[in-house]
Amino acid sequence: MSLEANGSCTAERHFNFHKHDCLLLSLRKMYHYRGEWPQHIRRRVVRHCTILFIRSGSGEIMIDGIRHGIGKHKLFLLTPGMQVEWYVDGPIPLDAYYLVFAMAWSRRSNKTWTIKEAVPIPMMYTGEITVQNWLQLDHSICRLHEGHAAKRAGLPGLRQQLRFEELVYTLMEAAEENAKNSDWAKTMEYFAGYMAKHYSDNIKIDSMSRMCGMNPSTFSRLFKKHTGMLPSDYLTHIRIQRAKELLLQARRIREVAQRTGFCDEYYFSRMFKKVVGISPSFYAKKSRSPETGKDRTEPALEAVRVAVTYIDEVDHLIALGLLPLAVPNDHREDCTECTIPYLQEQLQHVQQIGCEDSIRKDLLLKLHPDMIIACRYMREWGITGLEHIASTHYYSWEVDWRNTHRELAIVLGQEDRAERNIARFDRQVKEARHKMHRSCLGKKFVFLEMTRQGIRVSPYTSNGGWLLFQQLGFTPAPIISANNWDHLISPEEAAEIDADYVLFGRRSSSRQTYNQFIAHSARRKHQLLEVPRYPWAKGGPIAYASGIDYVVSLFEKIHK
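Residues numbered from 1 in each chain as written. Predicted model: local features only at pLDDT ≥ 70, side-chain atom pairs only at ≥ 80, totals over all residues. Heavy atoms only, no water.

K.L.:
I'm lost on the pattern of salt bridges in this one. Help?
P.N.:
Note on pairing: side chains with opposite charge can pair once their charged atoms come close. This model, assessed by the stated rule, comprises 15 salt bridges. Of the charged contacts, one joins Glu530 and Arg506 as a salt bridge, the two residues approaching to 3.4 Å between their closest N and O atoms. Of this pair, Glu530 sits in strand E26 (residues 527-530) while Arg506 is found in strand E25 (residues 501-506), placing the two residues 24 residues apart along the sequence. For Glu530, a relative accessible area of 31% corresponds to the partly exposed category. With a relative accessible area of 29%, Arg506 lands in the partly exposed category. (Salt bridge = Lys/Arg side-chain N within 4 Å of Asp/Glu carboxyl O. Helix = DSSP H or I, 4+ residues; strand = E, 2+ residues; numbered from the N terminus. Buried < 20%, exposed > 50% of the residue type's maximum accessible area, 1.4 Å probe, protein only.)

As structure tokens, then:
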């Protein structure tokens with residue numbers, strides 16, 4: 001009962017096999033779960049190799065920090081030591097199969113057989129696996145579960161073993177096909193790392209493209225798809241970031257130019273000013289000048305030729321000490337456009353390019369940014385073609401701003417500052433929990449958003465829910481779901497919510513909903529607390545930090 005691994009195996013280019021190696025498979029346990037799932041985040045460390053097959057359900061699963069959607073016919077391979085967090089939406093029952101199994105290598109040498117655990121799992125890639133023939137897979141797993149539940153021995157047991165091996169072989173074929181499609185991404189990752197290490201060398205795009213058997217245009221296109229930047233722009237970005245570090249060490253401009261791969265100090269100065277917005281000499285002088293209460297390596301704000309298209313990104317860049325070239329507008333209550341309220345002081349001289357769902361691409365084109373940062377949601381809103389204006393980095397928005405902050409910091413060369421921001425926020429959360437622990441112990445909370453469609457009960461994973469429940473540790477009211485962003489209720493229903501504290505905020509065009517809510521809540525016995533729009537609707541590190549301070553001040557006033 002094994003899959004013989006020989007020279008004809010299609011996975012041989014990824015794994016090295018001995019001609020006498022055999023792969024042994026053993027299905028240890030199999031579970032079928034069907035029904036409601038607890039509506040809170042479940043965390044665990046995987047102990048055994050596990051195939052997780054979702055027949056139906058909705059939610060998210062995070063595997064070693066990578067987020068995946070839970071949906072119909074999703075399949076995941078989990079291996080020992082993986083960190084897994086997941087939550088399931090309440091309205092859709094979960095229907096899932098767990099197949100816990102073991103794998104080992106059996107090798108014959110001098111008429112002696114030895115067996116050892118197969119780690120890592122050969123011929124298979126962990127995480128989410130894409131399989132084309134879901135009907136066949138569904139049928140195979142259901143039939144396997146029926147036989148496993150019967151605990152058959154003899155020939156029926158042998159048939160079960162063969163069915164399981166056939167299933168694993170199918171997954172191996174799917175993983176191999178996925179690997180072929182992802183080979184180019186690994187190649188681009190290698191060359192991005194190569195440029196980051198050898199930026200001072202005379203790196204040629206033609207040479208790199210020849211090394212991987214591509215023409216320069218194909219190489220550049222795939223590199224940009226992987227990194228969000230053309231190879232030449234990426235190399236310049238790496239060199240400029242290193243140049244900043246050297247300038248802060250009081251190095252001469254000629255030396256900095258030589259050590260960062262520029263042909264001469266004049267070309268270096270021209271490129272530095274184009275990317276950073278100021279000359280290298282002025283940057284060095286400004287960064288080394290003493291500033292009251294400021295870290296000398298973190299000047300107030302450094303102008304960069306980066307355009308951002310989403311309000312959260314403005315917050316992230318300013319928190320990283322960077323002043324964007326162009327930023328989106330915000331909406332007032334009457335839907336007219338304005339500067340982002342809590343960042344007005346920093347943005348008073350920055351070009352504004354319209355609201356995030358109606359970005360003025362004509363203005364962007366005139367500004368000639370070196371890079372555009374955009375959330376992937378922009379494509380769903382019909383904002384496309386940004387990559388034709390400048391190198392565009394698309395990122396996945398997450399409620400936990402720290403993941404996005406780290407990603408943008410890597411792109412912009414500000415990793416150290418990002419980690420300091422995150423550590424500062426974590427300390428702030430810990431202090432806030434300590435201050436409010438007694439007054440909030442045993443109390444139930446809910447956050448309501450006034451929208452033009454109605455009153456939204458913000459889920460556990462919304463901005464407000466993440467801050468209140470996952471960070472500050474408040475107890476959610478029973479009405480709150482894990483991830484249902486479309487849970488709308490009437491003002492009458494809002495007045496009957498079983499909660500001790502009701503926090504609420506307004507979005508634009510929600511005045512009518514807000515007035516109705518206030519009128520129906522006049523007879524409410526619970527504590528009503530209105531909060532500002534940021535960070536409850538949007539935000540990054542600056543907004544969330546101010547949000548925590550606001551909540552703490554509210555409860556200090558209530559519980560004097």
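Read on for the rest.
K.L.:
Before we go on, may I ask you to explain the nonpolar core in this structure?
P.N.:
Taken as a class, soluble globular proteins show a tendency for nonpolar side chains to be buried jointly. Core analysis: the biggest nonpolar cluster contains 98 residues, and Ile373, Met436, Val446, Leu448, Phe474, Leu503 and Phe555 have the highest contact counts within it. Contact partners of Phe555, with chain neighbours within four places excluded, come to Met436, Ser439, Cys440, Phe445, Tyr501 and Leu529. Within the second largest apolar cluster, 25 residues are counted, among which are Leu27, Phe164, Val168 and Met172. (Core = buried A, V, L, I, M, F, W, Y, C linked by side-chain atoms within 4.5 Å. Contact = heavy atoms within 4.5 Å.)

K.L.:
I keep staring at the environment of Thr236 and nothing clicks. Help me out?
P.N.:
Considering the arrangement of structural elements, one finds Thr236 in helix H5 (residues 231-248). Take Thr236: its relative accessible area is 18%, and that puts it in the buried class. Sequence spacing of Thr236 and Phe272 is 36 residues, and the spatial spacing of their C-alpha atoms is 9.1 Å. For Thr236, the residues in contact, after removing those within four places along its chain, are Met271 and Val275. Of note is the side chain of Thr236, whose polar atom sits 3.0 Å from the backbone oxygen of Ser232. (Polar contact = N/O pair within 3.5 Å; in protein donor to acceptor, adjacent residues only side chain to side chain.)

K.L.:
Would you mind going over helix H19 (residues 541-558) with me for this structure?
P.N.:
Residue pairs three or four apart in sequence face the same way in an α-helix, which turns once every 3.6 residues. Taking 1.5 Å of rise per residue, 18 residues should cover 26 Å, and H19 covers 26 Å from first to last C-alpha, within 8% of that figure. For H19, the full list of buried residues reads Pro541, Ala543, Tyr544, Gly547, Ile548, Val551, Val552, Leu554 and Phe555. (Expected span 1.5 Å × (residues − 1).)

K.L.:
Where do I start with the pairing of E25 in this structure?
P.N.:
Both faces of the sheet carry side chains from a regular strand, because those side chains alternate between them. Most of E25 is tucked away, with five of its six residues classed as buried. Note that strand E21 (residues 444-450) and E25 share six bridges and pair parallel. Note that in E25 the partner of Glu449 across the bridge is Gly505. With four bridges connecting them, E25 and E26 associate as parallel partners. Residue pairing for E26: Val502 is matched across the bridge by Leu528. (Pairing = 2+ DSSP bridges.)

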